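Given next are the chains, with one letter for each unit.
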Amino acid sequence: MTLEMISSLYTAPATEALSQILEIICEVIVASKDVLIEKRIFAELAHYLQRMESIIKELNKKGINHSESLNNAIAILNREIKVAKQLTLECGKKNKVYLLMNCRSIAKQLENITRELSHALSFIPLASLDLSSGIVEEIGKLCDNMGKAEFKAALAEEEILEKIEAGIQERSVDRSYANNLLVLIAQTLGISTERSALKKEFEEFKNEIESAHVRKNMAEAIQMDQIIALLGRADAASSPKEKEVRYFTKRNSLGSQPLEPLQSFYCPITRDVMTDPVETSSGQTFERSAIEKWFADGNKLCPLTMTPLDTSILRPNKTLRQSIAEWRDRNTMIRIASIKPKLLSENEEEVFNCLEQLQDLCEQSDLHQEWVVLENYPPTLIKLLGERNRDIRIHALLILCILAKDSDDAKVKIVEVDNSIELIAHSLGRRIDERKLAVALLLELSRSDLARDRIGKVQGCILLVVTMLSSDDNQASRDARELLENLSFSDQNIIQMAKANYFKYLLQRLSSGPEDVKCIMATTLAELELTDPNKSSLLEDGVLGSLLPLVSNGDLPMKTVTIKALKNLATLPKNGLRMIKEGAMPPLLDLLFHHSPAIPGLREQAAATIMHLAISTMSQETEQLQVSLLESDDDIFKLFSLINLSGPDIQKSILRTFFALCQSLSATNVKAKLRQHLSVPVLVQLCELDNPEVRPNAVKLLCCLTDDGDEATILEHVDQRYVETFVKIIKSSTDEDEIGSAMGIISNLPEDPQITRWFLDAGALPFIFNFLHDTKQKGPCKGQLIENAVGAVRRFTVSMNQELQKKAAEAGIIPALVQWLEVGNTMTKKHSAISLAQFSQSSPRLSRPLPKRGGFLCFSAPPESACPVHRGICSVESSFCLLEADAVGPLVRVLAEADPGASEASFDALLTLIDGELLQSGSKVLAEANAIPLIIRLLGSSSPTLLEKALNAMERIFRQVEFKQKYGASAQMSLVDLTQRGSSSTKSLAARILAHLNVLHEQSSYF
């Protein structure tokens, strides 16, 4: 402080001087909040100053006078507070990097200021002032705290400074070291790591250093020049053009021929050029590792002068080391430049050897990599990716990977080559070693914005990357996953990933993206052709949690695409069941019931989605907890009522929904509710339409409702027009499924004579019979069609109408029924057996007696053979005889089948052969067909009806001695068992048969 300043302070009143100091303290406290570095230390200083502020204010109130010690205190306070102000302001406006480089100095200055302020406070003459004990105690504490204060730079800043010092000492640090160091500095200072931001900060740092030169602060300037040289090796420190100018200026000054090493470059021990030359106590220089081994072997004399050496002294020969490094760099530059033309050679071996040399140079140093890029190698290397020689392609990829790693300039150079990404992506489809390098290179390039934009636009590239996720090579798989993560910045890339069956980022966007992005992702899900495993995995990964809220809360376009997506996923049955469980139905029904039909597509999509959910209920197992699609009767009635209020698309979906529910575990309840809702007239009206989408589905649903329905309820709605409608469908439809359902309706209708007459009048009989004769036609609905057609035939074969039976027989229906006994499904066999039984019931009345022979026997025609059962003349068309139709064998085979319905129907047909007077002859036929053992087996049937019929049959058959003797023993055990466990009627019948077999007395209590 100048003499004048001190004098002015002494002459001014003490209160005025203290007020000035208070004003500056306030400025420092405010400015400390805006410092760019060491915020923690400045905050600590501000805390001390705030405590000082309250003390100085108290002194001011006392109106203290000058004294020597007080003047000294004020002088020091004034000086140090001004220094603190200047330092604080500088730390708020100077370049951040510059401040970081000086952080130790800043911390030291703040520590000195704090201690000087403590020293100043100690000069205040507390004894002579009328101060409270509290103020005196506070001054003492503050002096003590500030006097002991220690300020140090933050650990992160210390780490950076240590790395800088190490880099300056180790002159050969590479570009990677500088890049990492610059990024670390940026992260510590809160600066963007974007290249442009780093470049700007670095330029400002250099400007600050130039200011240091102007200020003649030479020590600081030299230190900063060294830091500039170190950080200047980073990519962001200079533009590619600046690097190129510097490189070619240097390279063009070198000539074109490599130089031989100077003799001083060689180690006297190894005779090789040294890499780490060190000087011994004798002044001679050797390779460090060589002289250390010399000492380790027990040698204590200089290898050259043989003078004694101090083995503890090995001084790095930095000058020689620098010279060797410059010689190596010169020759390497020339060598790199000379290799490039040779890569264009047509000699593959020469190209391969050059690539190996280039790879070796790149692996030695990232400075060499920088020179390779500056020599513009990337276009040549990219061109080599199109070569047929696989080894050349692999080496080119490997070098490109080395160049691209941690070098933004190299990435840009590679990406800017025409078709570079396409050629690299092409390698993704080759063998694993080449694919692995290609994905590693693309991953490195994807860290550049320019490359990221282009990679996703290359056709098939993302698909090939996705396939590599399942690679056996773990590193390739990890690289592919990371590459996809880098590419996920783009919605279009995410869509490409989804099309390749990789949904991770689509699900993320759908869950947490903006509304417009959610809409795009939902649209993608709606339009994708998903495999069943993909549909399953999407639900497992939580897609429903994102989609269902959008159905309830999204705007109308969002609702529409979301419902389409749900529809796509619901086509997998287990997905549909899960959607129902997680509450998909209420919002879908709400859209269907309450939204305006004017909104195009929304209600149609909702109805179609509900349809798929209904279809999923068909897959439920009985042991599973039942999932109900429509929770209440009201939902059933309201949904069905929409049929009359909607267009064809919604009508079709609703019809298919109820058809699916009629096949599910809730079928009985749904059918009952629909019948209560008078759905039959509505469906009949729809069946009269010619709409190819609506009518077939209405016919199918009506077929379900007439199956096992109450006959009286059905008859209420059946009239001649009803019948004609379904006959018309059979005659005119080309849809096999629709025809089969119409046949099913005919089969399900009560066998009322009037209804049958209406079918005859409508000409149904020939068309139904035609389907039965076509046994070769194949198709997905063929089995159902034949089943229903055979069922429909039953009404035309009732034994009460022999005229109608005769028409059917003449149409060839009996052989067709026999044939379907052999090849039909279970229900077809059952229906066939019922019709054959009805035919056979008429056979005894229609069998023609044998004519009496007269005249001379030798001149008469050969006699006609009599039917073994009916004892007359039988035929298929005239008497409908089962034997003539060869039906007995097929019926016996059906009798042996497990299905009780088909077995019982065939049994009924066979029993017609032993009815009444036919017992003896019919029994023989059954025995010849091996039917009797099967009937005995039925004594163990779980079906009460079959059991009773089998007992009745055996009771009659065992009246005949020959059958009793032949089969009685095999039936005894089953009969005895029935007397123990059967019902009262079966016990009685079993006992009666056992009496025939002489096992029980006829007076037994079982009777």
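Higher on the page you've got the structure.
Here goes a summary of the coordinates provided. Since we're looking at a predicted model, the values are computed, not measured.

### A closer look at the overall build of the chain
Thinking step 1. Counting its secondary structure elements, the chain contains 54 helices and three strands.
Thinking step 2. Here the chain has a C-alpha radius of gyration of 52 Å; the compact-globule value for 1007 residues is 30 Å, and the former is much larger.
Thinking step 3. Taken across its 1007 residues, the chain has 50% of its residues classed as buried.
Thinking step 4. Counting every atom, the chain has about 47,500 Å² of accessible surface; 50% of that belongs to carbon and sulfur.
Thinking step 5. If you average the places of the 112 positive and of the 132 negative side-chain charges in the chain, the two averages end up 2 Å apart.

### Describing the packing of helix H37 (residues 679-687) against helix H40 (residues 720-732)
Thinking step 1. At a closest axis distance of 10 Å, the pairing of H37 and H40 adopts a crossing angle of 45 degrees. Viewed along their axes, H37 and H40 adopt a mutual orientation that is oblique. For the pair H37 and H40, the sense of crossing is left-handed. The residues of H40 that touch H37, namely those facing Val 680, Val 684 and Cys 687, are Tyr 722, Thr 725, Phe 726 and Ile 729.
Thinking step 2. Here the residues of the contact of H37 with H40 sort into six nonpolar, one polar and no charged.

### Points about the packing of aromatic side chains
Thinking step 1. Taken as a whole, this structure holds eight aromatic pairs when the rule is applied.
Thinking step 2. Taken together, the ring pairs connect Tyr 247, Phe 248 and Trp 371 into an aromatic cluster.
Thinking step 3. Taking the ring centre of Phe 489 as reference, the NZ or CZ of Arg 452 above it sits at 5.3 Å.
Thinking step 4. Taking the ring centre of Phe 659 as reference, the NZ or CZ of Lys 700 above it sits at 4.5 Å.

### Some details on unusual backbone geometry
Thinking step 1. Phi at Asn 376 is positive, roughly 60 degrees, even though this residue is not glycine.
Thinking step 2. You can see Asn 376 is positioned in the loop between helix H16 (366-374) and helix H17 (378-384).
Thinking step 3. The backbone phi angle of Asn 501 is positive, close to 70 degrees, even though this residue is not glycine.
Thinking step 4. Within the secondary structure layout, Asn 501 lies in the loop between helix H25 (491-499) and helix H26 (504-512).

### Topic: the state of the cysteines
Thinking step 1. Within the structure shown, the criterion is met by zero disulfides.
Thinking step 2. Cys 103 takes part in no disulfide bond, and the closest cysteine sulfur, belonging to Cys 91, lies 10 Å away.
Thinking step 3. We classify Cys 103 as buried; its relative accessible area is 0%.
Thinking step 4. Residue Cys 302 stays outside any disulfide, its sulfur separated by 11 Å from that of Cys 267, the closest cysteine.

### Comments concerning the sheet that holds strand S1 (residues 277-279)
Thinking step 1. Sheet architecture is open: three strands sit in the order S2-S1-S3, paired in antiparallel fashion. In this open sheet, the two edge strands, each paired with only one partner strand, are strand S2 (285-287) and strand S3 (315-316).
Thinking step 2. In terms of strand pairing, S1 meets S2 through three bridges, oriented antiparallel. When the bridges of S2 are listed, Glu 279 appears paired with Thr 285.
Thinking step 3. Together, S1, S2 and S3 form the strand contacts of helix H13 (residues 288-296), whose direction differs from that of S2 by roughly 95 degrees.

Parameters and conventions
Residues numbered from 1 in each chain as written. Predicted model: local features only at pLDDT ≥ 70, side-chain atom pairs only at ≥ 80, totals over all residues. Heavy atoms only, no water. Helix = DSSP H or I, 4+ residues; strand = E, 2+ residues; numbered from the N terminus. Rg over C-alpha atoms; globule rule 2.2 N^0.38 Å. Buried < 20%, exposed > 50% of the residue type's maximum accessible area, 1.4 Å probe, protein only. Areas by Shrake-Rupley, 256 points an atom, 1.4 Å probe, with all protein chains shown as cover. Lys, Arg positive; Asp, Glu negative; His and termini not counted. Charge placed at Lys NZ, Arg CZ, Asp CG, Glu CD. Axes fitted to C-alpha atoms, helices over the stretch in contact; angles between N-to-C directions. Parallel < 35°, antiparallel > 145°, perpendicular 65-115°, else oblique. Left-handed = near helix turned anticlockwise from the far one by under 90°. Contact = heavy atoms within 4.5 Å. Nonpolar A, V, L, I, M, F, W, Y, C, P; charged D, E, K, R; others polar. Phe/Tyr/Trp six-rings, centres within 6.5 Å; stacked < 30°, edge-to-face > 60°. Lys NZ or Arg CZ within 6 Å of the ring centre and 35° of its normal. Disulfide = S-S within 2.5 Å. Pairing = 2+ DSSP bridges.

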